[in-house]
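In case you want the letters, here they are:
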Amino acid sequence: DTGVSQDPRHKITKRGQNVTFRCDPISEHNRLYWYRQTLGQGPEFLTYFQNEAQLEKSRLLSDRFSAERPKGSFSTLEIQRTEQGDSAMYLCASPSRDLVGELFFGEGSRLTVL
Amino acid sequence: GENVEQHPSTLSVQEGDSAVIKCTYSDSASNYFPWYKQELGKGPQLIIDIRSNVGEKKDQRIAVTLNKTAKHFSLHITETQPEDSAVYFCAASSDTDKLIFGTGTRLQVFP
């Protein structure tokens, strides 16, 4: 258990619906990362937060995606008007407080868009 | 930007044999190289890492080697066990937590 919690673990939705995922990172860690992992591929960076500030967004994050971290603690990732291509595992990660680079991932939220 | 290539994509070994997975990276500024193990339906788990100031690191049956000149690094698992069966990912980064991952290697260890 890395201490990173994600909810829900699985979500099946119909195309066009909105979905929201929540991440509770390791407490008192001020940085938080979102990654996406499609079947048979490695995780791909989506976005990252330093406290409540979203500091970087990947080109993978279209305007249908929005991420927030309102109080610098938990974070949400919302996908509007889902498409079949959004089907993937969405992973949240907390970095180590002491060593740059170490990332500890949650179990992920698997999205299936029908 | 950084690009990480990983091979083989699948690897089957007999229990007790060794397994080697190799990665190459493109950005000479990269200085941190972790390896993750991912079991079915779970998130990636950090198993070992190496920074550019060393050439080799070992942790029990797992070792990682780094050749900065050639820009490649490898994961070595000795005395493999069935519970080592999983997908393994290499990654690279340069002074940040933003990791660039390889495409993964599915390791199967047969009893």
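This one's a predicted model, so the numbers in the text were calculated from it and none came from an experiment.

Engineer: What am I meant to see in the overall build of chain A here?
Structural biologist: From N to C terminus, chain A includes zero helices and 11 strands. Along chain A, helices and strands appear, N-terminal first, in the series β-β-β-β-β-β-β-β-β-β-β. Here chain A has a C-alpha radius of gyration of 13 Å; the compact-globule value for 114 residues is 13 Å, and the two agree. On the principal axes, the C-alpha backbone points of chain A span a range of 40 × 25 × 25 Å. When contacts within chain A are restricted to residue pairs at least 6 apart in sequence, those whose partners lie at least 24 apart make up 52%.

Engineer: Sorry, what's going on with the overall build of chain B here?
Structural biologist: From N to C terminus, chain B includes zero helices and 11 strands. The order of α-helices and β-strands along chain B, N terminus first, is β-β-β-β-β-β-β-β-β-β-β. The C-alpha radius of gyration computed for chain B amounts to 13 Å, which stays within 12% of the reference 13 Å derived for 111 residues, consistent with globular compactness. Counting only C-alpha atoms and orienting by the principal axes, one finds that chain B spans roughly 40 × 30 × 20 Å. Within the span of chain B, comprising 111 residues, buried residues form 45% of the whole. For chain B, long-range pairs separated by at least 24 residues make up 52% of all intrachain contacts whose partners lie at least 6 apart in sequence. Chain B carries 11 positive and 14 negative side-chain charges, and their two centres are separated by 3 Å.

Engineer: Please clarify how the interface of chain B and chain A should be interpreted in this entry.
Structural biologist: Many analyses report the size of an interface as the accessible area lost when the parts associate. Listed by partner, the interface residues are 20 residues for chain B and 23 residues for chain A. Note on chain B versus chain A: buried area summed over both sides is about 1700 Å², and carbon and sulfur give 51% of it. Linking chain B with chain A are two salt bridges, by the criterion used here. For B:Lys98, the salt bridge goes to A:Glu56, with nearest N and O atoms at 2.5 Å. Those elements that place two or more of their residues in the side of chain B that touches chain A are strand 4 (32-38) and strand 5 (45-51) of chain B.

Engineer: In this structure, what is going on with the nonpolar core? I would like to understand it.
Structural biologist: Most often, soluble globular proteins keep nonpolar side chains buried together rather than apart. If you look at the biggest cluster of nonpolar residues, it comprises 24 residues, and the most contacted ones within it are B:Trp35, B:Phe73, B:Leu75, B:Tyr88 and B:Leu107. Residues in contact with B:Phe73, not counting those within four places in the same chain, are B:Ile21, B:Lys22, B:Cys23, B:Tyr25, B:Phe33, B:Trp35, B:Thr65, B:Leu66, B:Cys90 and B:Ala91. In this structure, A:Val4, A:Leu61, A:Ile79 and A:Leu111 belong to the second largest nonpolar core, which totals 19 residues.

Engineer: So what exactly am I meant to see when it comes to the packing of aromatic side chains here?
Structural biologist: Both the distance between ring centres and the angle between the ring planes are used here to describe each pair of aromatic rings. By the definition in use, this model includes 16 aromatic pairs over all chains. With centroids separated by 6.0 Å and ring planes inclined at 55°, the aromatic side chains of B:Tyr25 and B:Phe73 adopt a geometry described as tilted. Placement of the pair is B:Tyr25 in strand 3 (residues 19-25) and B:Phe73 in strand 8 (residues 72-77), with a sequence separation of 48 residues. Note on B:Tyr36 and B:Phe101: the rings are 5.6 Å apart at their centroids and 55° apart in plane angle, and the pair reads as tilted. Taken as a pair, B:Tyr36 in strand 4 and B:Phe101 in strand 10 (residues 100-101) lie far apart in primary sequence, 65 residues in all. Between A:Arg22 and the ring centre of A:Phe74, over which it is positioned, the NZ or CZ distance is 3.9 Å.

Engineer: I keep staring at the side chain of A:Ser58 and nothing clicks. Help me out?
Structural biologist: Within the secondary structure layout, A:Ser58 lies in the loop between strand 6 (53-57) and strand 7 (65-68). Those residues in contact with A:Ser58, other than ones at most four positions away along the chain, are A:Phe45 and A:Leu46.

Engineer: Help me out: how do you make sense of the pattern of salt bridges in this one?
Structural biologist: Two side chains carrying opposite charge are able to pair once their charged atoms lie near each other. As enumerated under the stated definition, the model contains nine salt bridges over all chains in all. For A:Asp24, the salt bridge identified is with A:Arg22, shortest N-O distance 2.8 Å. Judged by its relative accessible area of 28%, A:Asp24 falls in the partly exposed class. Taking relative accessible area as the criterion, A:Arg22 reaches 34% and is therefore assigned partly exposed. Here B:Lys57 makes a salt bridge to B:Asp49, at a shortest N to O gap of 2.8 Å. Salt bridges sharing common partners tie together A:Arg64, A:Glu83 and A:Asp86.

Engineer: For this particular structure, what's the right way to read the sheet that holds strand 8 (residues 75-79) of chain A?
Structural biologist: Sheet strands line up and pair through hydrogen bonds in the backbone, either parallel or antiparallel. All names here are of chain A. Spatial strand order, 1-3-8-7: four strands in an open sheet with antiparallel pairing. Pairing within the sheet leaves two strands with one partner each, and these edge strands are strand 1 (5-7) and strand 7. In this sheet, neighbouring strand axes are inclined to one another by 15° on average, regardless of whether the strands run parallel or antiparallel. Two elements, strand 3 (residues 19-24) and strand 8, share five bridges in a ladder whose sense is antiparallel. Note that in strand 8 the partner of Val 19 across the bridge is Ile 79.

Calculation rules
Residues numbered from 1 in each chain as written. Chains lettered and ligands numbered in written order. Predicted model: local features only at pLDDT ≥ 70, side-chain atom pairs only at ≥ 80, totals over all residues. Heavy atoms only, no water. Helix = DSSP H or I, 4+ residues; strand = E, 2+ residues; numbered from the N terminus. Rg over C-alpha atoms; globule rule 2.2 N^0.38 Å. Contact = heavy atoms within 4.5 Å. Buried < 20%, exposed > 50% of the residue type's maximum accessible area, 1.4 Å probe, protein only. Lys, Arg positive; Asp, Glu negative; His and termini not counted. Charge placed at Lys NZ, Arg CZ, Asp CG, Glu CD. Buried area = accessible area lost by both parts, 1.4 Å probe. Salt bridge = Lys/Arg side-chain N within 4 Å of Asp/Glu carboxyl O. Core = buried A, V, L, I, M, F, W, Y, C linked by side-chain atoms within 4.5 Å. Phe/Tyr/Trp six-rings, centres within 6.5 Å; stacked < 30°, edge-to-face > 60°. Lys NZ or Arg CZ within 6 Å of the ring centre and 35° of its normal. Pairing = 2+ DSSP bridges. Axes fitted to C-alpha atoms, helices over the stretch in contact; angles between N-to-C directions.

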